[in-house]
Amino acid sequence: MRQPISFYSEGFKLTGDLYLPDGQPDGEERAGIVLCHGYTGVKDLYLPDNAGVLNDAGYVVLTFDYKGWGESEGSPSRLAPYSRVADVQAAITFLGLQDGVDEDRIGIYGTSYGGATVVWTAAVDRRVKCVVACVGVGHGARWMRSVRRPDEWHDLLARTKADREQRVMTGKSEFAPRSDILLPDRQSAELAAAARKANPAAIDTLPLEYIDQTLEFHPEWVVDKIAPRPILFITTNDDRLVPPEESEALYALAGEPKKLITLRGYGHYEVYAEPAFSEVMAETVAWFGEHLPAQVS
């Protein structure tokens, strides 16, 4: 059962959905999981599928849109990595307040740039009891550099410097095509385009301030602070948008208990479609089931 909800983060009203598992008796508390979408995603783009699988496994699940995305309040289309962390923390608080949720047993799942967000959130918020980061970013500058030719990289730095100066003088960032900032991945771009076309909240232009914000956000700086709480990293060996080295670097720096799963033969957006989706969710449900069971007998 899916219920529209709203809550506040840093004074802004965020929209979301609460997914309740079938057959949960009144008065019984279950573990809850907050799902976090990626760089330019929205809650209704891919996450309902993840929520359905986790509901079937017995969890109460919350999805939401960050400030400025979907119908959530806030400056439109901003990345604001640390503000996104605050949004996830507010979502954790809200989920813990719901009837049927054990506030002491909450996990978080993030996909793509959401994988970076959940790592940082878990590092600073001890309420997070279990983490899954799927095809996530570990070091923003390394990631943006790794998917560009040298001349493209230098052009990007020059462009963001000019926009940084403009923002200081005018308060405004130039909007550019999404593909200028998040380089198209030819391998799975068709899948991404089809999914985004069906969702009117998935926009195609972004402020150039995204670049600075990405270059300065490095979850691998704090991933070691999560232990001894468990974290699972899922990547693919053929991801050409967020290379597997990002998850591998996070895994190397994380403390135990930890696990790294590398799926074979899939691209970045293919993890949202079958057959990769089922592989991702089988590993996810198994990890949560081992470290954060939906029900406590």
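Owing to the predicted nature of the structure, the values given are computational and were not obtained by experimental measurement.

Parameters at a glance
Residues numbered from 1 in each chain as written. Predicted model: local features only at pLDDT ≥ 70, side-chain atom pairs only at ≥ 80, totals over all residues. Heavy atoms only, no water. Helix = DSSP H or I, 4+ residues; strand = E, 2+ residues; numbered from the N terminus. Rg over C-alpha atoms; globule rule 2.2 N^0.38 Å. Buried < 20%, exposed > 50% of the residue type's maximum accessible area, 1.4 Å probe, protein only. Areas by Shrake-Rupley, 256 points an atom, 1.4 Å probe, with all protein chains shown as cover. Lys, Arg positive; Asp, Glu negative; His and termini not counted. Charge placed at Lys NZ, Arg CZ, Asp CG, Glu CD. Pairing = 2+ DSSP bridges. Axes fitted to C-alpha atoms, helices over the stretch in contact; angles between N-to-C directions. Contact = heavy atoms within 4.5 Å. Salt bridge = Lys/Arg side-chain N within 4 Å of Asp/Glu carboxyl O. Right-handed = clockwise from strand over helix to strand, strands pointing away.

## Structural notes on the overall build of the chain
Looking only at helices and strands, the chain has 10 helices and 10 strands in total. In terms of overall size, the chain behaves like a compact globule, its C-alpha atoms giving a radius of gyration of 18 Å where 297 residues would be expected to give roughly 19 Å. Overall, the C-alpha framework of the chain stretches about 60 × 40 × 35 Å when taken along its three principal axes. Within the chain, buried positions represent 58% of all 297 residues. Put simply, the chain shows about 12,500 Å² of open surface, and 52% of that area lies on carbon and sulfur atoms. The average position of the 30 basic charges and that of the 44 acidic charges among the side chains of the chain differ by 5 Å.

## Topic: the sheet that holds strand S3 (residues 30-36)
Taken in spatial order, the 8 strands line up as S1-S2-S4-S3-S5-S6-S9-S10 in an open sheet, and their pairing is mixed. A single partner strand is all that each edge strand has here, and the edge strands are strand S1 (2-9) and strand S10 (258-263). Across this sheet, the average inter-strand angle for adjacent strands is 20 degrees, counted without regard to direction. As paired strands, S3 and strand S4 (residues 60-64) are joined by 4 bridges and run parallel to one another. The residue bridging Gly32 from the neighbouring strand is Val60, located in S4. Along the sheet, helix H2 (residues 81-96) makes contact with S1, strand S2 (12-19), S3, S4, strand S5 (101-111) and strand S6 (128-134), crossing S1 at roughly 125 degrees. Lying over the sheet, helix H3 (residues 113-124) contacts S3, S5, S6 and strand S9 (231-236), oriented at roughly 140 degrees with respect to S5.

## Quick word on unusual backbone geometry
The omega torsion across Ala227 and Pro228 is 10 degrees, close enough to zero to call that bond cis. Inspection of the secondary structure puts Pro228 in the loop between helix H8 (209-215) and S9. Note the cis peptide between Glu256 and Pro257, where omega equals -5 degrees. Not every positive phi belongs to a glycine, and Ala80 is a case in point at roughly 45 degrees. Mapped onto the elements of the fold, Ala80 is located in the loop between S4 and H2.

## Overview of the pattern of salt bridges
Think of it this way: side chains of opposite charge can pair up when their charged atoms draw near. Considering all chains together, one arrives at 22 salt bridges under this definition. We note a salt bridge from Asp17 to Lys43, for which the minimum N-O separation is 2.7 Å. You can see Asp17 sitting in strand S2 and its partner Lys43 sitting in the loop between S3 and helix H1 (47-56), a full 26 residues away along the chain. Each member of the pair, Asp17 as well as Lys43, is classed as buried. Put simply, Lys225 and Asp224 hold a salt bridge, and the shortest N to O gap is 3.2 Å. For Lys225, a relative accessible area of 43% corresponds to the partly exposed category. By relative accessible area, Asp224 is classed as partly exposed at 36%.

## Things to note about the pairing of S10
Summarising the sheet, S9 and S10 pair through 6 bridges and their orientation is parallel. Its bridge partner being in S10, Thr236 is matched across the sheet by Leu263. Note on the crossover from S9 through helix H9 (residues 245-253) to S10: the handedness is right-handed.

## Some remarks on the environment of Thr214
Along the chain, the position of Thr214 falls in helix H8. Residue classification places Thr214 among the buried positions, given a relative accessible area of 0%. Separated by 162 residues in sequence, Thr214 and Gly52 place their C-alpha atoms 31 Å apart.

## What to know about the pairing of S2
With 6 of its 8 residues buried, S2 lies for the most part within the structure. Sheet topology places S1 next to S2; 8 bridges connect them, and they run antiparallel. Following the sheet pairing, Arg2 is matched in S2 by Tyr19. Hairpin geometry of S1 and S2 is characterised by an intervening segment of 2 residues between the two adjacent antiparallel strands and by a positive phi of about 50 degrees at Glu10. The pairing of S2 with S4 spans 4 bridges and is antiparallel. Bridged to Tyr19 within S4 is Val61.

Just geometry here; none of it tells us what the structure is for.
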